[in-house]
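Tertiary structure, described
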Amino acid sequence: MSEIKELKRTSTQIRRDILRMVYGAQSGHPGGALGCADFFTALYFKFLRANPSKFKMDGIGEDLFFLSNGHLSAVWYSTLARKGYFPVKELSTFRKIESRLQGHPSTEYNLPGVRVASGSLGQGLSVAIGASLSKKLNNDPHLVYCLMGDGELQEGQIWEAAMYAAANNVDNLIGIIDYNNQQIDGSCDDVVSLGDLRAKWEAFGWLVLEMDGNDFEDIINVIPKAIESTNKKKPVVIVMKTDMGYGVDFMMGKHEWHGKAPNEEQFEKAISCFEETLGDY
Amino acid sequence: MDNYTCKGKKDTRSGFGEGLLELGKTNNNVVALCADLTGSLKMDAFKNEFPERFFQVGIAEANMMCISAGLTIGGKIPIAGTFANFATGRVYDQIRQSIAYSNKDVKICASHAGITLGEDGATHQILEDIGMMKMLPNMTVINTCDFNQTKAATIAIADYESPVYLRFGRPKVPNFTPENQKFEIGKALKLTEGNDVTIFSTGHLVWESLEAAKILNEVGITAEIINIHTIKPLDTEAVIHSVNKTGCVVTAEEHQINGGMGESIAGVLSQNTPKPIEMVGVNNKFGKSGKPDELMKEFGLDRNSIVIAAKKVIKRKEKLLVI
């Protein structure tokens, strides 16, 4: 249990970082970032086999992570900084001029941890497949993870990628879907319903797992199952239920917080939800 | 003038296929991808020889471009082949974000470019691809003129660390450049010396320019033919040097005038040494069905159009000299 406590301390600080970054820039996407803070914490602090102090673009001999829904940049940057990929104080430059922390992830300024630009949706799973194929050619047994948004599944390219991965046994790949059922214009059900996600991915030939992305117990139970399911001729996807804006009562489950910065009053209220566990940047 | 002789007709795409096979033998990091056009792209030989390094992606070009970007992570050099239409316009955003902006060493190899694709008509005859690709930062843009040059270019791009767009075509055309030439990316090739006009040409229009030069020679006009195989980065030094001598310019390409090689050259000259220019290209029109030769004639992309443009631009130059 102390492990979960430790993870929680980290994700609490990451949520503080997200709020401070988005508030500081007066722009960004707090909702999905807050929702995925627990997943990022667990992935980077428990599961991902990678060396933060020696980032290599080719990723040979390491697990790789791709963020397809690049607008979740705040949670990724905070996680990377807290894990030691770059100095924590750099988080204060988020979305500002001369920053390596671009609004959406970019390789242009050599930010350690980022291997491809993302933001325009639907591309990350294909890139992750390419990286997985490269690992197979290199006889590199490490895994490739790719997080996608649920609204992002409305992009056709995701299904091109899904079809390809299953047809070609890309089984060193774990996809994760941030299923908060919210997107910019409203709930996914109102915009274009995703229907039965499990059935869709199963029909495309993937092994489907489900996980509560805001419950560390469930996360550290399901991710190992996903890892055990790799190298069995099938790609693996985790449908990860989260709450948009998780941890901030007035943001939770509200699509309005997809891509909006809080004002001063909202910020004060939101930041008070999270204890400063590891020291602010 | 120098004489370039046609050593038989061959398609540029077959030059790509041969170059790719050779790359497969010499560079283990080279991988190839295709979107259900393996035969048309002449990628079968590579596929058969190196099946573990060949990826059939199916009719999913967006997926192919981003898989290519991913393959570079791990040190592979992906050669992604399909028709030029599906290799550019259809997947512009994928190329922009995952390849060009991410600066991935992907080689986009595009066949069946331009109207010489022929009978399939305008849906497949892309004439805007050079423009789209040259606008992207980090992207290198190459348009080869014959079989030998395409083979050499295919081999050269593998060692050139940059996203590359390599454009070639479908029909059998005169093969006239040297066999086993060394292809220097970014270096313009002077094919003939001349004093009266410089003709900058790329792709299938290079042979037509050489033929035009012969016709011009008969009436005492010497044309300097420069093959711009690399449209970006453009060999600005060679462009300026030649034009300072000849004083006027014709550009010739199988592409829209809007956004084409001619515009790149005009841009360089207008900022350095403004001179009269005439552009041979497609003028704000879509293509249509027909035989390649018929279409080139109808759209004004043949030797006669180049001759007319050269005579016209020389007159413009002389007018300026009188003033």
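Quick note: structure is the one above.
Presented here is a report on the structure given in the accompanying data block. (Residues numbered from 1 in each chain as written. Chains lettered and ligands numbered in written order. Predicted model: local features only at pLDDT ≥ 70, side-chain atom pairs only at ≥ 80, totals over all residues. Heavy atoms only, no water.)

**Here's the deal with the overall build of chain A**
- The helix and strand inventory of chain A stands at 10 helices and seven strands.
- By the compact-globule yardstick of 19 Å for 281 residues, chain A fits well, its C-alpha radius of gyration being 18 Å.
- Based on the C-alpha atoms only, the size of chain A along its principal axes is roughly 50 × 45 × 40 Å.
- Per-residue burial over chain A gives 58% buried out of 281 residues.
- Intrachain contacts of chain A at a sequence separation of at least 6 include 76% that bridge at least 24 residues.
- Separation of charge centres in chain A, based on 29 positive and 37 negative side chains, amounts to 6 Å. (Helix = DSSP H or I, 4+ residues; strand = E, 2+ residues; numbered from the N terminus. Rg over C-alpha atoms; globule rule 2.2 N^0.38 Å. Buried < 20%, exposed > 50% of the residue type's maximum accessible area, 1.4 Å probe, protein only. Contact = heavy atoms within 4.5 Å. Lys, Arg positive; Asp, Glu negative; His and termini not counted. Charge placed at Lys NZ, Arg CZ, Asp CG, Glu CD.)

**Some points on the sheet that holds strand β2 (residues 144-149) of chain A**
All names here are of chain A.
- With parallel pairing, five strands are arranged side by side in an open sheet as β1-β2-β3-β7-β6. Either end of the sheet is taken by a strand with one partner, and the two such strands are β1 (64-67) and β6 (207-212). Averaged over neighbouring strand pairs, the angle between their axes works out to 20° when direction is ignored.
- Pairing between β6 and strand β7 (residues 236-241): six bridges, direction parallel. The residue bridging glutamate 210 from the neighbouring strand is valine 239, located in β7.
- Each of β1, β2, β3 (173-179), β6 and β7 touches helix α3 (residues 37-47); the most contacted strand, β1, lies at about 165° to it. (Pairing = 2+ DSSP bridges. Axes fitted to C-alpha atoms, helices over the stretch in contact; angles between N-to-C directions.)

**With respect to a negative patch on the surface**
Residue and element names in this part refer to chain A.
- On the surface, Asp212, Asp215, Glu217 and Asp243 cluster together to form a negatively charged patch.
- Take aspartate 243: it is sitting in the loop between β7 and α10 (264-271).
- Here aspartate 243 falls in the partly exposed class, since its relative accessible area comes to 31%. (Patch = residues over 30% accessible without salt bridge, like charges linked within 9 Å, V, L, I, M, F, W, Y side chains within 5 Å. Areas by Shrake-Rupley, 256 points an atom, 1.4 Å probe, with all protein chains shown as cover. Salt bridge = Lys/Arg side-chain N within 4 Å of Asp/Glu carboxyl O.)

**Focus: the nonpolar core**
- Within the largest apolar cluster, 79 residues are counted, with the highest numbers of intra-cluster contacts made by Phe66, Leu125, Ile129 and Trp201 of chain A together with Ile228 of chain B.
- Taken together, domain 1 (10-174) and domain 2 (189-322) of chain B each give at least three residues to this core, which thus spans both.
- Apart from the residues lying within four places of it in its own chain, the contact partners of phenylalanine 66 of chain A are Arg115, Val116, Val127, Ala128, Ala131, Val144, Tyr145, Cys146 and Leu147 of chain A together with Ile73 of chain B.
- Counting residues in hydrophobic clusters, the runner-up holds 59 residues, among them Cys36, Ala42, Leu143 and Ala226 of chain A. (Core = buried A, V, L, I, M, F, W, Y, C linked by side-chain atoms within 4.5 Å. Domains from an automatic or database assignment.)

**Observations concerning the interface of chain B and chain A**
- Between chain B and chain A, the residue contacts involve 26 residues of the former and 29 residues of the latter.
- Around 2,200 Å² of area is buried between chain B and chain A when both sides are counted, 54% of it from carbon and sulfur atoms.
- Of all residues in chain B, Ile73, Gln97 and Tyr101 of chain B give up the largest surface area on contact with chain A, accounting jointly for 29% of the area buried on that side.
- Counting across the chain B and chain A interface gives zero salt bridges.
- Seen at the junction of chain B and chain A, the total is 18 residue pairs in polar contact (both at pLDDT 80 or more).
- Residue assignment for the side of chain B that touches chain A shows that the elements contributing at least two residues are β3 (54-56), α3 (61-72) and α5 (92-101) of chain B.
- Along the lines of polarity and charge, the residues of the side of chain B that touches chain A split into 11 nonpolar, nine polar and six charged. (Buried area = accessible area lost by both parts, 1.4 Å probe. Polar contact = N/O pair within 3.5 Å; in protein donor to acceptor, adjacent residues only side chain to side chain. Nonpolar A, V, L, I, M, F, W, Y, C, P; charged D, E, K, R; others polar.)

**Focus on the pairing of strand β14 (residues 277-282) of chain B**
All names here are of chain B.
- Burial analysis of β14 places five of its six residues in the buried class, which makes it a mostly covered element.
- Across five bridges, the pairing between strand β13 (residues 249-256) and β14 is parallel. From the neighbouring strand, threonine 251 faces β14, where its bridge partner is methionine 279.
- The handedness of the β13 to β14 crossover, carried by helix α10 (residues 261-272), is right-handed. (Right-handed = clockwise from strand over helix to strand, strands pointing away.)

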